[in-house]
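Understanding the architecture of this molecule
Below, each chain spelled out in residue letters.
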Amino acid sequence: MTGSRVVALGHYQPAKVLTNDDLAAMVDTSDEWITSRVGIKTRHVGGPGESVDELAAHAAAKALASAGLQPADIDLVLVATSTAIDRSPSMSARVAARLGMSSPAVMDINVVCSGFTHALATADHAIRAGAASRALVIGADKMGDIVDWTDRSTCVLMGDGAGAAVVTADPDVSGRPGIGPVLWGSVPGMGNAVRIEGTPPRFAQEGQSVYRWATTQLPPIARKVCERAGVTPEDLAAVVLHQANLRIIEPVARKIGAVNAVIARDVVDSGNTSAASIPMALSKLVERGEVESGAPALLFGFGGNLSYAGQVIRCP
């Protein structure tokens, strides 16, 4: 059976940077308060004229250029996002139009913070089934549009951005699959712990509930992801968790046992960018040469719906 692999990555963030000191001028907070509780120093925020599909298209174009492919070479576009205001056209259709694609299948996937890893698994499955040969998988969110900028408990968390991966068929899956089996699931009874609701939509969460769930329940699930991929946590060269909060990322990574891995900490500079956080963080690690081509990396998304999805991939 044909497998799949990630052959290239790209990321994009708006130019405007919002610092903790900037936020301290807007709400009752401080750099010390934010840093000690969530580890975030800065985040990028888009302006009113920067749409989610624009962010996504910039990241996608960079990934395509890195792969040496043209937009017409792509036959499946998947966009993971929870900040699409319009029902139709979908973000994936809008990205395809922006890039001048001919006739790709287009689909949006809304699993909030674990959207990208769900979308990556969907692309892998489509390629394995012979329904696609080259896919563009994008995580893109403009969290600044749905944040209450007067709520100091949530506005300090969020940022905007997009990350993209080009996924192609890989006929050689013996021993080292390019994208390992996904392990995914959710806790529906706790789904209200992270919400984007109302008109206009607003983000809210029960921070302590999410923290306890993530730091206690997710590490054993992440280790099972490694087991499914046929690697041990010690084999991992990188761990890229959803960039929610440094106080979640560091204990979860430690409990996984990936003692030899580079741990992505892009949350410090980018904040929580929801579905964009994993591909952006991975793209930056690869761009800086912090992980070698072919090295195993654990991608693990979690959050809204109290859903999760993870897989081990071989870095491009």
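All of these numbers come straight from a predicted model, not from anything done at the bench.

Some details on the overall build of the chain
Broken down by element type, the chain carries 10 helices and 14 strands. Computed over its C-alpha atoms, the radius of gyration of the chain comes to 18 Å, within 12% of the 20 Å expected for a compact globule of 316 residues. Counting only C-alpha atoms and orienting by the principal axes, one finds that the chain spans roughly 55 × 45 × 40 Å. Scored against the burial criterion, the 316 residues of the chain give a buried share of 57%. For the chain, the share of sequence-separated contacts (at least 6 apart) that also reach a separation of at least 24 residues comes to 76%.

Let's talk about the sheet that holds strand S13 (residues 296-303)
Strand order across the open sheet formed by five strands is S8-S14-S13-S11-S12, with mixed pairing between neighbours. The open sheet has two free edges, formed respectively by strand S8 (183-186) and strand S12 (262-263), since each of these has just one partner strand. Here helix H7 (residues 207-229) sits on the sheet in contact with S8, S13 and strand S14 (307-314), set at roughly 145° to S13. This element, helix H8 (residues 246-256), spans strand S11 (238-241), S12 and S13 of the sheet and lies at about 135° to S11.

Digging into the packing of aromatic side chains
Given two aromatic rings, one states the distance between the centres and the angle between the planes to describe the pair. Scanning the entire structure with this criterion turns up two aromatic pairs. When the ring of Phe300 is compared with that of Phe302, the centres are 6.5 Å apart and the planes differ by 40°; the resulting orientation is tilted. Residue class for Phe302 comes out buried when judged on its relative accessible area of 2%. Geometrically, the ring pair formed by Phe300 and Tyr308 is stacked, given 6.5 Å between the ring centres and 15° between the ring planes. In this structure an aromatic cluster arises from ring pairing among Phe300, Phe302 and Tyr308. The ring of Trp33 has Arg152 lying over it, and the distance from NZ or CZ to the ring centre is 4.5 Å. The aromatic ring of Tyr211 is capped on one face by Arg247, whose charged end is 5.3 Å from the ring centroid.

Remarks on the environment of Asp148
Here Asp148 shows up in the loop between strand S6 (134-142) and helix H6 (152-155). For the pair formed by Asp148 and Asn272, sequence separation is 124 residues and the distance between their alpha carbons is 15 Å. Beyond its immediate sequence surroundings of up to four residues, Asp148 is in contact with Thr154, Cys155 and Arg202. Among the polar contacts made by the side chain of Asp148, one reaches the side chain of Thr150 at a distance of 2.6 Å.

Parameters and conventions
- Residues numbered from 1 in each chain as written.
- Predicted model: local features only at pLDDT ≥ 70, side-chain atom pairs only at ≥ 80, totals over all residues.
- Heavy atoms only, no water.
- Helix = DSSP H or I, 4+ residues; strand = E, 2+ residues; numbered from the N terminus.
- Rg over C-alpha atoms; globule rule 2.2 N^0.38 Å.
- Buried < 20%, exposed > 50% of the residue type's maximum accessible area, 1.4 Å probe, protein only.
- Contact = heavy atoms within 4.5 Å.
- Pairing = 2+ DSSP bridges.
- Axes fitted to C-alpha atoms, helices over the stretch in contact; angles between N-to-C directions.
- Phe/Tyr/Trp six-rings, centres within 6.5 Å; stacked < 30°, edge-to-face > 60°.
- Lys NZ or Arg CZ within 6 Å of the ring centre and 35° of its normal.
- Polar contact = N/O pair within 3.5 Å; in protein donor to acceptor, adjacent residues only side chain to side chain.

By themselves, these observations are geometric and do not establish any function.
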